[in-house]
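Below, each chain spelled out in residue letters.
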Amino acid sequence: MRSAQRGRTVGLLLAGLLVIAVVALIVVPRLGGDAGGGPPDGNVRTVRVLAGSEKRDFFADPAVGARLAELGYRLQVDTAGSREIATSRDLTPYDLAFPADAPQADRIRAARKVTKSYVPFFSPMAIATFQPIASLLQNAGVVRMDGGHRVLNMRGYLDLVDKNTRWSDLPGNTAFETGKSVLISSTDVRTSNSAALYLAIASYVENGGNVVADSAAADRVAARCAPLFVKQGYVEQSTQEPFDDFLTIGMGKTPMAMIYEAQFVARQLAKDGSISPDMVLMYPEPTIYAKHTVVPLTADGDAAGRLLATDPQLQRLAAQHGFRTADAAYGRRLATERGLAPPPSLVDVVEPPTAAIEERMIDKIVNQAQGRPG
């Protein structure tokens, strides 16, 4: 009798342990290779990241953190302007650098003698504005509709700036009667990649529809582009700040802001009320793509960067934050599901100048702003 009771007790204990083991398999994420390339030892690795500020919300998303934890990584993210990341920040403490464009990534790779890089997602440059502003510029002949999206003719816009046109000068202006100059707000061209790409677009147009490729052209074109930045007065160092001003302070402070398309689209997709009905997106013509590029600085940084570029779930989360990914069909489907127009296919897209030419133009603009000889 006692032997039978002991047998039943042992059986119940074994059954209980089996249930516990099954539950553990369900609730504890697998961190090994089968889960998508996590650390082989099963530990969660902390990876320090220095990223462009425009990716702040992506990395702050709990779903992104949870997916990375499933894969075995916890990211500690600092943000800065992408040009600052590439030119003046000490990268020694970090496992990966994540600037907003390939030329900045190339600088980091060259300085750190890194051969690898990954492009998890990309975004065209765009202009956040308001319906009354877009209508004024359309009446002035510099904005048009192309399919379902607005296009700002950069040649026409640069001519307005060159003539020192003020909003009050535009014909039929009863919506924005101010003596402020017609000007796109940007970031500091010394620190921010979005401002450097704005310069790349403007310099292409001022150079007769050609990428600036030599020193003489760089000096000539920079002198013509300098007012785009000098006339703004104080500017922020990274792209998130002027976009936040656009969202919160409104048209009086920021009638137009040069941003990454992803910043605007992410807020539209979130349906959090931050994009009001009178806020619209315009695309400069030509425009330019920012290729958000991971530069791994350590082995853990390489593994985490590769996951950002290849893990399907992280790629879908990037699309939910407005970025364009290799799976364009998912981005279009996501927009349709949220009641938005799909991202437009952009044809008039240009390339930036080389890093050396870019630096020369920026130095010229900074010297002009400070009243020094070019």
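Conventions we followed
- Residues numbered from 1 in each chain as written.
- Predicted model: local features only at pLDDT ≥ 70, side-chain atom pairs only at ≥ 80, totals over all residues.
- Heavy atoms only, no water.
- Helix = DSSP H or I, 4+ residues; strand = E, 2+ residues; numbered from the N terminus.
- Expected span 1.5 Å × (residues − 1).
- Buried < 20%, exposed > 50% of the residue type's maximum accessible area, 1.4 Å probe, protein only.
- Phe/Tyr/Trp six-rings, centres within 6.5 Å; stacked < 30°, edge-to-face > 60°.
- Lys NZ or Arg CZ within 6 Å of the ring centre and 35° of its normal.
- Salt bridge = Lys/Arg side-chain N within 4 Å of Asp/Glu carboxyl O.
- Polar contact = N/O pair within 3.5 Å; in protein donor to acceptor, adjacent residues only side chain to side chain.
- Contact = heavy atoms within 4.5 Å.
- Arc of directions from axis to C-beta.
- pLDDT = per-residue confidence, 0-100.
- Core = buried A, V, L, I, M, F, W, Y, C linked by side-chain atoms within 4.5 Å.
- Axes fitted to C-alpha atoms, helices over the stretch in contact; angles between N-to-C directions.
- Parallel < 35°, antiparallel > 145°, perpendicular 65-115°, else oblique.
- Left-handed = near helix turned anticlockwise from the far one by under 90°.
- Nonpolar A, V, L, I, M, F, W, Y, C, P; charged D, E, K, R; others polar.

1. Things to note about helix H8 (residues 193-206)
- The terminal C-alpha atoms of H8, which comprises 14 residues, lie 20 Å apart, in line with the 20 Å expected from a rise of 1.5 Å per residue.
- Burial runs high along H8: 14 of the 14 residues are buried.
- Two residues or fewer after H8 comes glycine 208, characterised by a positive phi angle close to 75 degrees.

2. Concerning the packing of aromatic side chains
- The final tally for this structure, using the stated rule, is 11 aromatic pairs.
- Aromatic pair phenylalanine 130 and phenylalanine 246: ring centres 4.6 Å apart, planes at 45 degrees, arrangement tilted. Of this pair, phenylalanine 130 sits in strand S4 (residues 118-130) while phenylalanine 246 sits in helix H10 (residues 240-248), and the two are 116 residues apart along the sequence.
- Put simply, the rings of Phe58, Phe59, Phe98, Phe121 and Phe323 pair up and form one aromatic cluster.
- A cation sits over an aromatic face here: lysine 55 above phenylalanine 98, 4.5 Å from the ring centre.

3. With respect to the pattern of salt bridges
- Enumeration according to the criterion identifies 24 salt bridges in this entry.
- The network of salt bridges with shared partners includes Arg83, Arg107, Glu358 and Glu359.

4. Section: the side chain of glutamine 315
- Following the sequence through the fold, glutamine 315 ends up in helix H13 (residues 312-320).
- A distance of 2.9 Å separates a polar atom in the side chain of glutamine 315 from the backbone oxygen of proline 120.
- Apart from the residues within four sequence positions on either side, glutamine 315 is in contact with Pro120, Leu308, Ala309, Thr325 and Ala326.

5. As for the environment of phenylalanine 121
- When you line up the elements, phenylalanine 121 lands in strand S4.
- For phenylalanine 121 and alanine 290, which are 169 residues apart along the polypeptide, the C-alpha to C-alpha distance reads 8.9 Å.
- In this structure, phenylalanine 121 is in contact with Lys55, Phe58, Phe98, Lys291, His292, Ala318, Phe323, Arg324 and Thr325, ignoring residues within four places of it in sequence.

6. Remarks on helix H14 (residues 328-337)
- Inspection of H14 places Tyr330, Leu334 and Ala335 among the buried residues, and these make up the whole buried set. For H14, the arc enclosing every buried residue in end-on projection is 135 degrees, short of the 170-degree limit, so these residues lie on one face.
- Residues of H14 that are buried in the fold lie against helix H11 (261-270) and H13.
- Directly after H14, the chain includes glycine 339, whose backbone phi takes a positive value near 75 degrees.

7. As for the confidence of the model for the chain
- Per-residue pLDDT for the chain has a mean of 87; in total, 88% of the residues score no lower than 70.
- Low pLDDT, under 50, characterises residues 1-36; the stretch is placed with 21 contacts to residues that sit more than four places away or in other chains.

8. Quick notes on the nonpolar core
- In terms of nonpolar packing, the biggest core is built from 68 residues, with Leu137, Leu152, Tyr157, Trp167, Leu228, Met256 and Phe264 touching the most fellow members.
- Top element by residues in this core is H8. It accounts for nine residues.
- Setting aside its immediate chain neighbours within four residues, leucine 228 contacts Tyr157, Leu158, Val161, Leu183, Tyr198 and Ala202.
- Residues Leu75, Phe98, Leu308 and Leu317 belong to the second largest nonpolar core, which totals 24 residues.

9. Considering unusual backbone geometry
- At the junction of glutamate 285 and proline 286, the peptide bond is cis and its omega measures out at 5 degrees in the coordinates.
- Secondary-structure assignment places proline 286 in the loop between strand S8 (279-285) and strand S9 (287-296).
- For lysine 113, which is not glycine, the phi dihedral falls at a positive 55 degrees.
- With respect to the secondary-structure elements, lysine 113 resides in the loop between helix H5 (102-112) and S4.
- The residue lysine 271 is not glycine, and still its phi comes out positive at about 50 degrees.
- Following the sequence through the fold, lysine 271 ends up in the loop between H11 and S8.
- You can call lysine 271 exposed: its relative accessible area is 54%.

10. Let's talk about the packing of H10 against H11
- Where H10 meets H11, the closest approach of the two axes is 11 Å, and the angle between their N-to-C directions is 45 degrees. Comparing their axes, H11 and H10 come out oblique. Relative to H11, H10 is oriented so that their crossing is right-handed. For the pair formed by H10 and H11, the contact residues are Gln240, Phe243, Asp244, Phe246 and Leu247 on the first element and Gln263, Phe264 and Arg267 on the second.
- When grouped by side-chain class, the residues that make up the contact of H10 with H11 number four nonpolar, two polar and two charged.

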